[in-house]
Amino acid sequence: MQTTKGLKLADILTTIVISIVFGIVYKLWGPFYYFVKPFGLHVDQLIYGMWFIAATVAFLIIRKPGVALLAEIAASSGEFIMGSEWGLEVLLYGVVQGLFAEAAFAAFRYKQFDVFVVSLAAIGSTIGSLIMDFYKGYIEALAPWNLALFLLARFVGAVLISGVFASSLVKALEATGVTQMVRSASKEDYEQLDR
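Residues numbered from 1 in each chain as written. Predicted model: local features only at pLDDT ≥ 70, side-chain atom pairs only at ≥ 80, totals over all residues. Heavy atoms only, no water.

Draft legend 1. Broad picture of unusual backbone geometry. With a phi close to 60°, Arg 63 is a non-glycine residue in the positive phi region. Overall, Arg 63 belongs to the buried group, its relative accessible area being 13%. Its identity as a non-glycine residue notwithstanding, Tyr 110 has a phi of 60°, on the positive side. Mapped onto the elements, Tyr 110 comes out in the loop between helix H5 (89-107) and helix H6 (115-136). (Buried < 20%, exposed > 50% of the residue type's maximum accessible area, 1.4 Å probe, protein only. Helix = DSSP H or I, 4+ residues; strand = E, 2+ residues; numbered from the N terminus.)

Quick look at the structure:
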């Protein structure tokens, strides 16, 4: 499927609408995150991947360069505007996580949309979040075994939520035909019209 590389106004607006929806989800996810935190064994890190899903879902729907970064920035902005418990730092996390997700899609020249590439983007966002966590001083004091468990849980959660679940969600949307309303028509689409 051949698409134009640049973002059009409709792409930007669609990305922002998707991101605002996920910004609301992000805001609602915060209390859930704190609810599961006392269970121990870093269960909270297993659900951390939800904060990366805007980038992967938006990219799978729009499929153009810059969408993952824009989506994470817009989603984190939406979360911030709604009163994020993390304040302004949520915007920094959004930028870093979006950049790392964008790098994963760029590595495949924005031409692959499978679970593997989306999972790599989720892993990229995870790495971005860990860099921010290290900078903020959240993780370096953990004992080695605890740090290993922390990292494993965050990476697994990211792949499951922002990789596998995001791909499944977009496939379900594709089955309804919704995604075709926002994607440019392909050459094959036009050839079908000529028959």
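Having seen the structure, we can now continue with the description.
Draft legend 2. Inspection of the layout of surface pockets at higher detail. Approximately 430 Å³ is the volume attributed to the largest pocket. Residue lining of the largest pocket: 22 residues in total, with Tyr 33, Tyr 48, Trp 86, Asp 133 and Tyr 138 positioned closest to the centre. For the lining of the largest pocket, the secondary structure elements donating two or more residues are helix H1 (9-36), helix H2 (43-46), helix H4 (67-81), H5 and helix H7 (144-176). Among the elements that line the lining of the largest pocket, the one with the most residues is H5, at five residues. In terms of residue class, the lining of the largest pocket is built from 10 nonpolar, five polar and seven charged. (1 Å grid on protein atoms, 1.4 Å probe; cavity = no way out; pocket = protein on both sides within 12 Å on 5 of 7 lines; lining within 4 Å. Points joined across faces, edges and corners; volume = space filled by probe spheres on them. Nonpolar A, V, L, I, M, F, W, Y, C, P; charged D, E, K, R; others polar.)

Draft legend 3. The packing of aromatic side chains, seen in detail. Under the criterion given, the structure shown has 15 aromatic pairs. Seen from their ring centres, Tyr 34 and Trp 86 are 5.8 Å apart, and the 25° between their planes marks the pair as stacked. With a gap of 52 residues between them, Tyr 34 in helix H1 and Trp 86 in the loop between H4 and H5 connect regions that are remote in the sequence. Taking the relative accessible area as the measure of exposure, Trp 86 reaches 24% and is therefore partly exposed. Members of the aromatic cluster, joined through ring pairs, are Tyr 33, Tyr 34, Tyr 48, Trp 51, Phe 52 and Trp 86. The ring of Phe 113 has Arg 63 sitting right over it, with the charged end atom 4.1 Å from the ring centre. Stacked on the ring of Tyr 48, the Lys or Arg Arg 154 has its end atom at 3.7 Å from the ring centre. (Phe/Tyr/Trp six-rings, centres within 6.5 Å; stacked < 30°, edge-to-face > 60°. Lys NZ or Arg CZ within 6 Å of the ring centre and 35° of its normal.)

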